[in-house]
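Below are the chains, spelled out letter by letter.
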Amino acid sequence: MNETTKANLLGLTQPQLESFFESIGEKRFRAGQVMKWIHHFGVDDFDAMSNIGKALREKLKACAEIRGPEVVSQDISGDGTRKWVVRVASGSCVETVYIPQAGRGTLCVSSQAGCSLDCSFCSTGKQGFNSDLTAAEIIGQVWIANKSFGTVPGKIDRAITNVVMMGMGEPLMNFDNAVAAMQIMMDDLGYGISKRKVTLSTSGVAPMIDELGKIIDVSLALSLHAPNDELRNRLVPINRKYPLAQVLDACRRYISRLGEKRVLTVEYTLLKDVNDQPEHAAQMVELLRDVPCKINLIPFNPFPHSGYERPSNNAIRRFQDLLHKAGHNVTVRTTRGEDIDAACGQLVGQVMDRTRRSERYIAVRRIGDEAAPSSGAADRT
Ligand code: SAH
Ligand code: SF4
């Protein structure tokens, strides 16, 4: 068996690892032992697994491996935010960001190299799409980050208390791998993170929200960004396929299945003069009237030639106040890690685009630059 045909144990959930051991004629309980070595102790060498006999270690070495994505770089921002660029098997690079806050640490994980959904204000979308990440490449980002904080033998490191699937890509377009990775995050033999603290963010792939609800109970975030279909069709093109009413119905179903007073997180990227006006806030209040939710406003993070601008602090506060007065719990996401390009929507990695969208985007940018050198804030669509 050569390198490429070895089973990569990093991305296997506990039941999958049990089946693997059975398939090689070994006892299922070995799965628990190996998972602990991999995820609690960050081990990638079977010889380090001291409670596994030499014969089995040799057998594992011949047919299996523990291989995370290759770390290309690691940066630490002035505010403590860390960013890793990792190379995945397709050759593209994706980014992972760790955000330390008082009493917790949140890891923002990528699920795809690029994204096929092409939201108009997202730099990942502008990179086009290359590939889905494997489950090993998704959980591998947690594995790498966790190891960088130093694993203490005998105890799980608690630097990472929360994981958000809010890096590059649309996790519901890479469903099976995203689900497997989240199962490992929540498994006590993996990272033991509570279901409330693992959050999947989606731009609204409605049927897959229902599928998700059948197998997992992680927290859900919806990237809303517009309170009516006309505007959302332009900002979030997947809305043309799954309009607001359909997406919100799926979210309501998902949340009601969870019970336990859990709520949807509604993410809303504020774009100056595009979706930040009082009438948008009023429509949003109406739209979310019967949706148990908390709202997270994300001031737009600029990237070159986006054609959008971040609203003024006053406009952000005005929008927040209007929602707040209507009884909503509203927070404004503070921008972290900007000096290392780690903020929301600034993650670009290095996508070997298969869609040629990035080429077209660059061409349009060039024409735009020649025609109008001062970038306007107008809605480009
Ligand atoms: N594909 C998923 C998850 C990744 S994007 C989704 O769309 O939900 C994570 C969040 O960052 C989304 O809410 C996204 O809309 C937001 N975002 C993207 N580009 C941004 C930008 N330039 N400024 C601020 N937020 C942005
Ligand atoms: Fe994809 Fe999310 Fe970016 Fe939209 S916002 S292009 S769904 S990563």
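Named according to an unreviewed UniProt entry, the protein chain is Dual-specificity RNA methyltransferase RlmN originating from Azotobacter vinelandii. In its Subcellular location (unreviewed entry) section, the UniProt record describing the protein chain reads: "Cytoplasm". We quote the UniProt Sequence similarities (unreviewed entry) comment for the protein chain here in full: "Belongs to the radical SAM superfamily. RlmN family."

Let's shift gears to the UniProt feature "active site" (unreviewed entry) in the protein chain. If you check UniProt for "active site" (unreviewed entry), the listed places come out as Glu95 and Cys344 in our numbering. For Glu95, the location among the structural elements is in strand E5 (residues 93-101).

What follows deals with the site of ligand 1. Close to ligand 1 lie 20 residues, the nearest being Gly169, Ser201, Ser223, His225 and Asn301. Within the side chain of Glu267, a nitrogen or oxygen atom sits 3.3 Å from an oxygen atom of ligand 1. The separation between a nitrogen atom of ligand 1 and a polar side-chain atom of Thr269 is 3.2 Å. Taken by itself ligand 1 offers 530 Å² of open surface, and the protein chains cover 95% of this. Residue assignment for the shell around ligand 1 shows that the elements contributing at least two residues are strand E10 (198-202) and strand E12 (264-270).

So, about the pairing of E10. The element E10 is largely enclosed, with a buried count of five among its five residues. Neither face of E10 is exposed, since Val198, Leu200 and Thr202 on one face and Thr199 and Ser201 on the opposite face are all buried. Two elements, strand E9 (residues 162-165) and E10, share three bridges in a ladder whose sense is parallel. Looking at E10, one finds that Met165 is bridged to Leu200. Read as a crossover between parallel neighbours, the route from E9 over helix H6 (residues 175-186) to E10 is right-handed. Where E10 meets strand E11 (residues 219-223), four bridges bridge the pair, whose relative direction is parallel.

The rules we used
Residues numbered from 1 in each chain as written. Chains lettered and ligands numbered in written order. Predicted model: local features only at pLDDT ≥ 70, side-chain atom pairs only at ≥ 80, totals over all residues. Heavy atoms only, no water. UniProt positions renumbered as here; feature names shortened; annotations may be inferred. Helix = DSSP H or I, 4+ residues; strand = E, 2+ residues; numbered from the N terminus. Near = heavy atom within 4 Å. Polar contact = N/O pair within 3.5 Å; in protein donor to acceptor, adjacent residues only side chain to side chain. Areas by Shrake-Rupley, 256 points an atom, 1.4 Å probe, with all protein chains shown as cover. Buried < 20%, exposed > 50% of the residue type's maximum accessible area, 1.4 Å probe, protein only. Pairing = 2+ DSSP bridges. Right-handed = clockwise from strand over helix to strand, strands pointing away.

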